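Examination of the molecular architecture
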Amino acid sequence: MQATTVNSTTQSNKPIWYFVLCWMLLNALQAYTLELHADEAYYWMFAQKLDWGYFYHPPMVALFIKIGDTLFHNEFGLRLLTVLGNSLAIYLLWLILKKYQVSAKWFMLLVSGVLVFHVYGFTSTPDSPLFIFAVLFYYFYQKYVDEDSWFTAFIIGIIVACLLYSKYHGVLLVGLTLLSNLKLFTRKSFYLAIITGLLCYTPHILWQMHRGFPAVNYQLFERPSAFGYNVTMSITFIAGQLLLGGALISWYLFYRGFTTKITNVFTRGLMFNAIGTFAFFLLNTFKVNVQPHYTLIAFVPLISLTLIDFQKQNFNVKWFYNLAIANIAIILILRFTIMAGLPVIKKVEALKSYFGFHEWANLVHQKAGNAFVVMDEGFQNPSKYSYYTRSLKGFAYDSRYYGRTMFDMWPMEDSMQHQRVYLLLKNQVPGTTTDSIKCDAGTWYGGWVDDARTYQKIAIETGKTKIKASPGQKIEFDLAITNPYPFAVNFTNAGYKHPVCLEACFFEYVTPVSVQQADSTFNKITLQKGQSTRYRMTVTAPMQKGTFDLFFSLRTEPFVGSKNSGIIKFTVE
């Protein structure tokens with residue numbers, strides 16, 4: 001049962017200490033000098049409203065940010081625990097691999113050559129604690145494989161819970177590790193790890209349960225699908241992995257890592273996790289667009305296997321050494337160029353979010369004052385506005401062109417009803433956006449909306465997830481409309497400045513194909529708080545054949561309409 005590891009050598013840890021210190025200082029410098037990424041601002045919003053869960057993310061990143069932000073009210077504080085925790089994880093990874101007598105030189109060259117390790121060395125998103133707890137898991141799992149210990153099992157249970165509190169992807173690491181070592185189930189202490197993990201994770205499970213499992217619903221029913229396989233998604237994913245692993249060296253890491261000879265239980269677990277994680281997300285590209293960084297935790301076992309293989313082969317090839325040095329140089333040049341904020345960097349789409357938004361927030365605040373600022377292109381910029389004004393006045397309108405977010409669950413919209421709000425958009429709306437704001441973050445258009453009226457929390461249940469119909473076929477829906485607000489709502493247009501309507505929306509991925517409006521009988525509905533009612537609406541299938549997303553939306557001028565129901569896969573045959 002026990003893994004056979006090579007005894008640790010007497011080589012000094014000092015070079016690694018200096019390496020980790022330099023690593024930490026570089027990340028701290030970048031954390032201090034760089035504006036927030038859009039997602040970081042969103043997770044800062046989480047930290048202002050600590051909870052056991054958030055829509056489709058668990059809460060660990062919010063806790064990380066809350067602790068650091070409490071100490072320092074700036075970008076460095078928000079990223080503080082990420083910088084410290086990542087540095088600790090790098091050192092623990094060394095301790096794991098030192099047992100295999102890996103070379104300190106190659107350890108420093110390969111770890112610092114993986115681009116994705118740099119990115120999450122200072123960026124505070126759910127991937128950051130996921131990486132930290134993944135390394136902690138491997139550190140204690142290695143000890144547990146070598147020695148059956150009740151205490152180690154208890155610690156592993158806590159770490160597994162922390163993994164899942166960081167990001168749901170952590171279940172891949174746990175599942176693949178168990179698959180690589182089924183004999184764990186023969187250990188009595190292993191059940192302590194299971195029980196401990198479940199107990200620690202129960203608050204999040206209960207949070208999901210009490211809210212109708214929003215994370216599950218989002219993944220299964222609310223995400224728009226790209227119909228039909230598009231080979232470019234797979235090619236883009238593979239290219240992303242080669243870039244994140246280090247543009248010059250990643251191809252060799254995959255080759256050496258995947259061909260490493262397995263000699264014990266622990267390295268078998270590394271191999272299962274490396275191949276299994278990359279394969280899982282590659283297969284997912286056959287149906288959805290997969291973000292390249294989802295595989296972050298797979299690079300830990302990949303690097304480990306490569307270094308172990310280097311040690312076995314007494315690897316010391318000059319051409320690869322030179323390639324590794326050049327790879328690190330490219331990454332460092334890129335990092336310092338970003339910190340310097342050179343104009344060429346600001347034009348890169350993936351990096352634009354880091355620049356100009358502090359100034360942008362101040363300019364918008366001069367226009368809006370203490371009013372809510374409403375944006376409809378996603379959660380990122382409203383969160384940035386809230387962070388840089390420390391006002392919590394940025395609000396993300398739940399546009400039908402975008403997915404739901406935590407702004408649909410927080411009570412912010414409740415406070416906004418019938419208030420005068422400032423609408424901020426990337427495109428002009430005649431008669432509404434009378435202001436223009438120009439800065440490094442781009443050109444924006446704003447204007448005042450009196451007596452704001454939105455209904456993005458209204459829930460519409462269709463009772464259907466899939467429908468097949470012929471072109472132009474009429475289908476009647478018996479809709480269940482529920483008011484979750486703590487106050488009564490009505491859909492009348494009498495006496496209101498901004499009319500509301502119910503619309504059935506056919507989309508092909510993110511492009512509207514047909515929008516059909518309910519008749520005026522809908523506007524007679526009044527709902528008390530928590531009350532539900534039924535409403536029948538007839539919808540006509542598109543004339544063109546194909547598969548579409550159908551959902552129901554409440555639209556109130558001048559807003560574009562929210563996404564109030566789940567998505568129905570509608571096939572016209």
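One can find the structure itself at the top, above this paragraph.
Now for a look at the structure at hand. What you are looking at is a predicted structure, and each value in this text was computed from that prediction instead of being measured.

Scanning the model with the defined rule gives 16 salt bridges in all. Connected through salt bridges with shared partners, the residues R400, E503 and R555 form a single ionic network.

What follows deals with the side chain of E413. Along the chain, the position of E413 falls in helix α20 (residues 412-416). It is K457 that comes nearest to the buried, bridge-free E413 among opposite-charge side chains, at 5.1 Å. In this view, E413 contacts F395, T454, Y455, Q456, K457 and Y485; residues no more than four positions away in its chain are not counted.

Here we come to the packing of aromatic side chains. If you walk through the whole model with that rule in mind, you get 63 aromatic pairs. Centroid distance Y252 to F315: 6.0 Å. Interplanar angle 35°. Geometry classified as tilted. Here Y252 is found in helix α13 (residues 250-258), whereas its partner F315 is found in the loop between α15 (299-312) and α16 (318-340), with 63 residues between them in sequence. Residue Y252 shares its accessibility class with F315, and that shared class is buried. When the ring of W360 is compared with that of W444, the centres are 5.3 Å apart and the planes differ by 45°; the resulting orientation is tilted. Here the residue W360 occupies a position in helix α18 (residues 357-368), and W444 occupies one in strand β5 (residues 442-449), the gap between them amounting to 84 residues.

What follows covers α18. In this model α18 runs 16 Å from its N-terminal to its C-terminal C-alpha over twelve residues, within 8% of the 16 Å that 1.5 Å per residue would give. Each element contacted by the buried residues of α18 is listed here: β1 (373-375), α19 (380-389), β3 (421-425), β4 (435-439) and β5.

With respect to the helices and strands, F154 occurs in helix α8 (residues 150-166). Sequence separation between F154 and Y191 is 37 residues, and the spatial gap between their C-alpha atoms is 9.3 Å. Here F154 is in contact with L192 and T196, once residues within four sequence places are set aside.

Strand order in this open sheet of three strands is β6-β8-β13, and the pairing throughout is antiparallel. Two strands close off the open sheet at either side, each with one partner strand: β6 (459-461) and β13 (532-540). Between one strand axis and the next, the sheet turns through 35° on average, direction left out of account. Bridging between β6 and strand β8 (residues 474-482) involves three bridges; their strand directions are antiparallel. Looking at the pairing, A459 lines up with T482 of β8.

Turning next to the packing of α18 against α19. As a packed pair, α18 and α19 sit with axes 9 Å apart at the nearest point and diverge in direction by 85°. Here α18 is positioned roughly perpendicular relative to α19, judged by the angle of their axes. Judged by residue contacts, F357, H358, W360, A361, N362, V364, H365 and A368 of α18 engage N381, K384, Y385, Y388 and T389 from α19. A class-by-class count of the residues in the contact of α18 with α19 yields seven nonpolar, five polar and one charged.

For the structure on display, the rule yields zero disulfides. Considering cysteine sulfurs only, C200 is the nearest to C162, which forms no disulfide, with 7.2 Å between them. Look at C200 and you get partly exposed, because its relative accessible area is 30%.

Looking now at the side chain of N284. In this structure, N284 sits in helix α14 (residues 265-284). Take N284: its relative accessible area is 16%, and that puts it in the buried class. In this structure the side chain of N284 is engaged in a polar contact, spanning 2.8 Å, whose partner is the backbone oxygen of F280.

Residue E557 is joined to P558 through a cis peptide bond whose omega torsion reads 5°. Locating P558 in the fold gives a position in the loop between β14 (546-556) and β15 (568-572). Even without a glycine there, the phi angle at R390 is positive, about 50°. Under the relative-accessibility criterion, R390 is labelled partly exposed at 36%.

So, on to a nonpolar patch on the surface. Together, L179, L182, F185, Y191, I194, L198 and F272 make up a nonpolar patch on the protein surface, roughly 640 Å² of accessible area in all. By the secondary structure assignment, F185 is in the loop between α9 (170-180) and α10 (188-210). Here F185 falls in the partly exposed class, since its relative accessible area comes to 37%.

Parameters at a glance
Residues numbered from 1 in each chain as written. Predicted model: local features only at pLDDT ≥ 70, side-chain atom pairs only at ≥ 80, totals over all residues. Heavy atoms only, no water. Salt bridge = Lys/Arg side-chain N within 4 Å of Asp/Glu carboxyl O. Helix = DSSP H or I, 4+ residues; strand = E, 2+ residues; numbered from the N terminus. Buried < 20%, exposed > 50% of the residue type's maximum accessible area, 1.4 Å probe, protein only. Lys, Arg positive; Asp, Glu negative; His and termini not counted. Contact = heavy atoms within 4.5 Å. Phe/Tyr/Trp six-rings, centres within 6.5 Å; stacked < 30°, edge-to-face > 60°. Expected span 1.5 Å × (residues − 1). Pairing = 2+ DSSP bridges. Axes fitted to C-alpha atoms, helices over the stretch in contact; angles between N-to-C directions. Parallel < 35°, antiparallel > 145°, perpendicular 65-115°, else oblique. Nonpolar A, V, L, I, M, F, W, Y, C, P; charged D, E, K, R; others polar. Disulfide = S-S within 2.5 Å. Polar contact = N/O pair within 3.5 Å; in protein donor to acceptor, adjacent residues only side chain to side chain. Patch = residues over 30% accessible without salt bridge, like charges linked within 9 Å, V, L, I, M, F, W, Y side chains within 5 Å. Areas by Shrake-Rupley, 256 points an atom, 1.4 Å probe, with all protein chains shown as cover.

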